[in-house]
Structures are given as C-alpha cells and as structure tokens.
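# Structural features, examined
Okay, here's what each chain looks like letter by letter:
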Amino acid sequence: MNNISCELVTAYIGLGSNLENPITQINSARLAITQLNKVEEFTFSSLYHSLPMGPQNQPDYVNAVMGINTSLEPLTLLRCLQSIENAQGRVRKGERWGARTLDLDILLYGNSVLDLPDLKVPHIGIDERAFVLYPLHEIAPNLLIPTKGALADLVSKCPLDGLKLLN
Ligand code: ROI
C-alpha cells in the first residue's frame, strides 16, 4: 500500500439548460465532464424536456443526469463544474432562478451528507424536482438517497410536471 488516496466515489450530476441551444449545451457539458481528470462517466440518462420551475417568463429546459466515478473531493468537483458552466457562457445575474445556459449540480456524492456554505448534498430540492428524480431513476432505479429515502418512492410521489422524454 502507498499513502496516495485514490478512493473512487460514485456521484450524480444534474445538467440543465434553457438558453443558447440547450441540447448542444448539455452534450458539450457531458463531454467536458468526461474529460476532467479523475472523473469517469459510467452512465448518462436520456435528455428530458421540462417546464421551468420558478419564474415562468423563461424558455423550457432540457435536463439530464450523469453518473460518474471520481476521486475528486466534493469541493474540487464543484469548482470543476463551475468552470465548465463559466466556459459555456454562464452569466450569473441577480435574478434568482432565472434562465441559464448551463447548470451543473452535484446531486449526490456517494452516501455523503454535506452542509457546506457552497455545497449542500444531497442537492436541495432533489426530492421534489421531477426533472431531477425521473432521469436519476432512469439510470439508478435502486438508489437510496441519504436523509430522503428510496428514489423509487420519491419518484412515485412526484408529479411529472410536464416532463417529457426528448427524442
Ligand atoms: N427548471 C427546470 N425545469 N429545469 C432546471 O434545470 C431548472 N433549474 C433551475 C430552476 C431555475 C430552479 N428551474 C429549473 O435552477
């Protein structure tokens, strides 16, 4: 054994976009994430079309969820995802829950429960957002979500809210 830590953690990332050709934004983000050091994609959901949660005067969203194995620490992973958001032209304006070219959220990081100033895991609202729960369930139907319970139960209680598979 050596003392280099290389523990692999399974994490799930939520991807969302409603500006500047959302499908292209999601596909480019997927590629950028797979090209990160110490990150390997093992699964990717279908793309979904969803109605905006929050202010309604914004375009509909495209959402997806990706499963990765990573040896990056959670905050390092967060910073990497933020640089991808920025590289794809994300502008952080004042409006809460406004339109965005790209949103990358760490939904789950192994079985960790994190309550850091910049990072809450499981992701806030994970248990009531159809555009997160359904794609996650597609790729990881047996998942248990720390502090929230079985994903399958959460999905069964969550209305689709207009969520549709995108083909
Ligand atoms: N609404 C949908 N449908 N999809 C999202 O990814 C999404 N992301 C957000 C807010 C603004 C809350 N609404 C969303 O951050």
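Attention here is on the structure that accompanies the text. Everything numeric in this text was worked out from a predicted model, so none of it was measured.

### Quick notes on unusual backbone geometry
Residue proline 122 follows valine 121 across a cis peptide bond; omega there is -5°. Its location among the elements puts proline 122 in the loop between strand 7 (120-121) and helix 3 (130-139). The phi angle at aspartate 161 is positive, at roughly 50°, despite the residue not being glycine. Secondary-structure assignment places aspartate 161 in the loop between helix 4 (151-156) and strand 10 (164-165).

### Structural notes on the site of the ligand
Taken together, Gly16, Ser50, Leu51, Pro52, Met53, Tyr61, Asn63, Trp97, Arg100, Asp103 and Phe131 make up the full set of residues near the ligand. Serine 50 is positioned such that a nitrogen or oxygen atom in its side chain is 2.8 Å from a nitrogen atom of the ligand. One of the side-chain nitrogen or oxygen atoms of aspartate 103 is found 3.3 Å away from an oxygen atom of the ligand. Protein contact buries 97% of the 350 Å² of open area that the ligand shows by itself. A breakdown of the residues in the shell around the ligand according to their chemical character gives six nonpolar, three polar and two charged.

### Section: the environment of tyrosine 109
Its place among the elements puts tyrosine 109 in strand 5 (residues 103-109). Considering only alpha carbons, one finds tyrosine 109 and threonine 10, 99 residues apart in sequence, at a separation of 6.3 Å. Not counting chain neighbours up to four residues away, the residues in contact with tyrosine 109 comprise Val9, Thr10, Ala11, Thr70, Leu72, Glu73, Pro74, Leu77 and Val121. From its side chain, tyrosine 109 meets the backbone oxygen of leucine 72 in a polar contact 2.7 Å long.

Rules used throughout
Residues numbered from 1 in each chain as written. Predicted model: local features only at pLDDT ≥ 70, side-chain atom pairs only at ≥ 80, totals over all residues. Heavy atoms only, no water. Helix = DSSP H or I, 4+ residues; strand = E, 2+ residues; numbered from the N terminus. Near = heavy atom within 4 Å. Polar contact = N/O pair within 3.5 Å; in protein donor to acceptor, adjacent residues only side chain to side chain. Areas by Shrake-Rupley, 256 points an atom, 1.4 Å probe, with all protein chains shown as cover. Nonpolar A, V, L, I, M, F, W, Y, C, P; charged D, E, K, R; others polar. Contact = heavy atoms within 4.5 Å.

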